[in-house]
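Chain by chain, the residues run as shown.
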Amino acid sequence: MRPSHPPLPTPSFAGQDILSVSQFDRTKLDYIFGVAHEMRVLVERFGGADLLQGKILANLFYEPSTRTSSSFMAAMMRLGGQVIPINNVQYSSVSKGESLPDTIRTLESYADVIVLRHPEVGAAATAARYAAKPVINAGDGVGEHPTQALLDLFTIVEELGQADGLTITMVGDLKYGRTVHSLTKLLVNYNVTFRFVSPEILRMPDDVLDVVRGTGHTYDEVESLPDAIAASDVLYVTRIQRERFTDLAVYDRVKDLYVVDEELLTQAKEQMIVMHPLPRVGEISYGVDDDPRAAYFRQMRNGMYIRMALLASVLGRA
Ligand code: NCD
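Everything numeric here is computed off the predicted structure, so don't read it as measured data. (Residues numbered from 1 in each chain as written. Predicted model: local features only at pLDDT ≥ 70, side-chain atom pairs only at ≥ 80, totals over all residues. Heavy atoms only, no water.)

(A) Seen up close, the packing of helix H2 (residues 67–78) against helix H11 (residues 296–314). Where H2 contacts H11, the axes come no closer than 8 Å and their chain directions differ by 55 degrees. Compared by their axis directions, H2 and H11 come out oblique. In this structure, the crossing between H2 and H11 has a hand that is right-handed. Each of Arg-67, Thr-68, Ser-71, Phe-72, Ala-74, Ala-75, Met-76 and Arg-78 in H2 lies in contact with H11, whose residues at this interface are Met-300, Gly-303, Met-304, Arg-307, Met-308 and Leu-311. In terms of residue class, the contact of H2 with H11 is built from eight nonpolar, three polar and three charged. (Axes fitted to C-alpha atoms, helices over the stretch in contact; angles between N-to-C directions. Helix = DSSP H or I, 4+ residues; strand = E, 2+ residues; numbered from the N terminus. Parallel < 35°, antiparallel > 145°, perpendicular 65-115°, else oblique. Left-handed = near helix turned anticlockwise from the far one by under 90°. Contact = heavy atoms within 4.5 Å. Nonpolar A, V, L, I, M, F, W, Y, C, P; charged D, E, K, R; others polar.)

(B) Region of interest: the packing of helix H1 (residues 26–46) against H11. The contact between H1 and H11 brings their axes to 8 Å, and the two run at 115 degrees. Taken together, the axes of H1 and H11 are roughly perpendicular relative to one another. For the element pair H1 and H11, the recorded crossing hand is right-handed. Counted together, Tyr-31, Ile-32, Phe-33, Val-35, Ala-36, Met-39, Arg-40, Val-43 and Glu-44 of H1 and Arg-301, Asn-302, Met-304, Tyr-305, Ile-306, Met-308, Ala-309, Leu-310, Ala-312 and Ser-313 of H11 form the full contact between these two elements. Here the contact of H1 with H11 is built from residues that sort into 14 nonpolar, two polar and three charged.

(C) Examining the pairing of strand E5 (residues 167–171) more closely. For E5, a buried count of five out of five residues is recorded, marking the element as mostly surrounded by other parts of the structure. Here E5 shows no split at all, with Thr-167, Thr-169 and Val-171 on one side and Ile-168 and Met-170 on the other all buried. Looking at chain direction, E5 and strand E6 (residues 193–197) are connected through five bridges and run parallel. Counted as the bridge partner of Ile-168 is Phe-194 from E6. Of the crossover connections in this fold, the one passing from E5 over helix H6 (residues 178–187) to the parallel E6 is right-handed. Pairing of E5 with strand E8 (residues 234–237), which is carried by four bridges, proceeds in the parallel orientation. Across the sheet, residue Thr-169 finds its bridge partner in E8, namely Leu-235. (Buried < 20%, exposed > 50% of the residue type's maximum accessible area, 1.4 Å probe, protein only. Pairing = 2+ DSSP bridges. Right-handed = clockwise from strand over helix to strand, strands pointing away.)

The analysis is restricted to geometry; functional conclusions fall outside its scope.
Below, the structure is given as structure tokens:
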């Protein structure tokens, strides 16, 4: 018997850049999460596979990074590929004044894919205009961090079964935190309720709130974390982004406003998960680490699986 509908084509990311979460709809998300899940199984059983043998990644970081940079490297290496790591741009020709386009043209003549972290909003999009090879945005200033949002959403789905129906509370630096910008824009693909907890001066930017409103989602904005916690299914904690403040006196006023500790968690649901993109600098106390609801270390590991899935996809091997 013929099926009444032709099968949906598998989304293909081969040759594509990954610049923004707006590139993803639910079909594409399901696909990437399916591949990431397979990558987890591969790593747990065999340590990896040789899908990307003969491929080279240029890992170009103009801003500090531990997890994003090393998980992209580990992802490439676990798939049999190799990496050119450039995370000390002061030792590269960037310190001689070389422009981003020239640096990108150089790296793409050696590598098959470029991962870029840069302090300017839109830098990854600029790089992608000059590169014929895929460019993956690993954070462009206060703009976006799409691969982090993918691993965050993957974590929510893996931990809680699905995103639909959840109340997602984001707390901390919602103004400068690029991870919450991208995650919010990705979560509007689901039926979720948002709670944004921040001081007035670190509120979620209007362009992100416009997306939330424009897709018919409800949200509230509050300053008190204890008031927001009881109804939350996900508590997404962020670091106050010291490096983005022009006036450090203002940073000092807000830096210790929110601390998630064991006491606060007594008011939370038993199934709630605590997430954080890391690094943390005091906003989650170490005593929380042993609570089964602390998902941030599992979240961090998921980053490698998502980045394995993305690299295999853009290089046409998944
Ligand atoms: C985040 C970032 O760089 O935006 N870290 C990360 O990529 N895991 C969050 C942060 O620096 O606070």
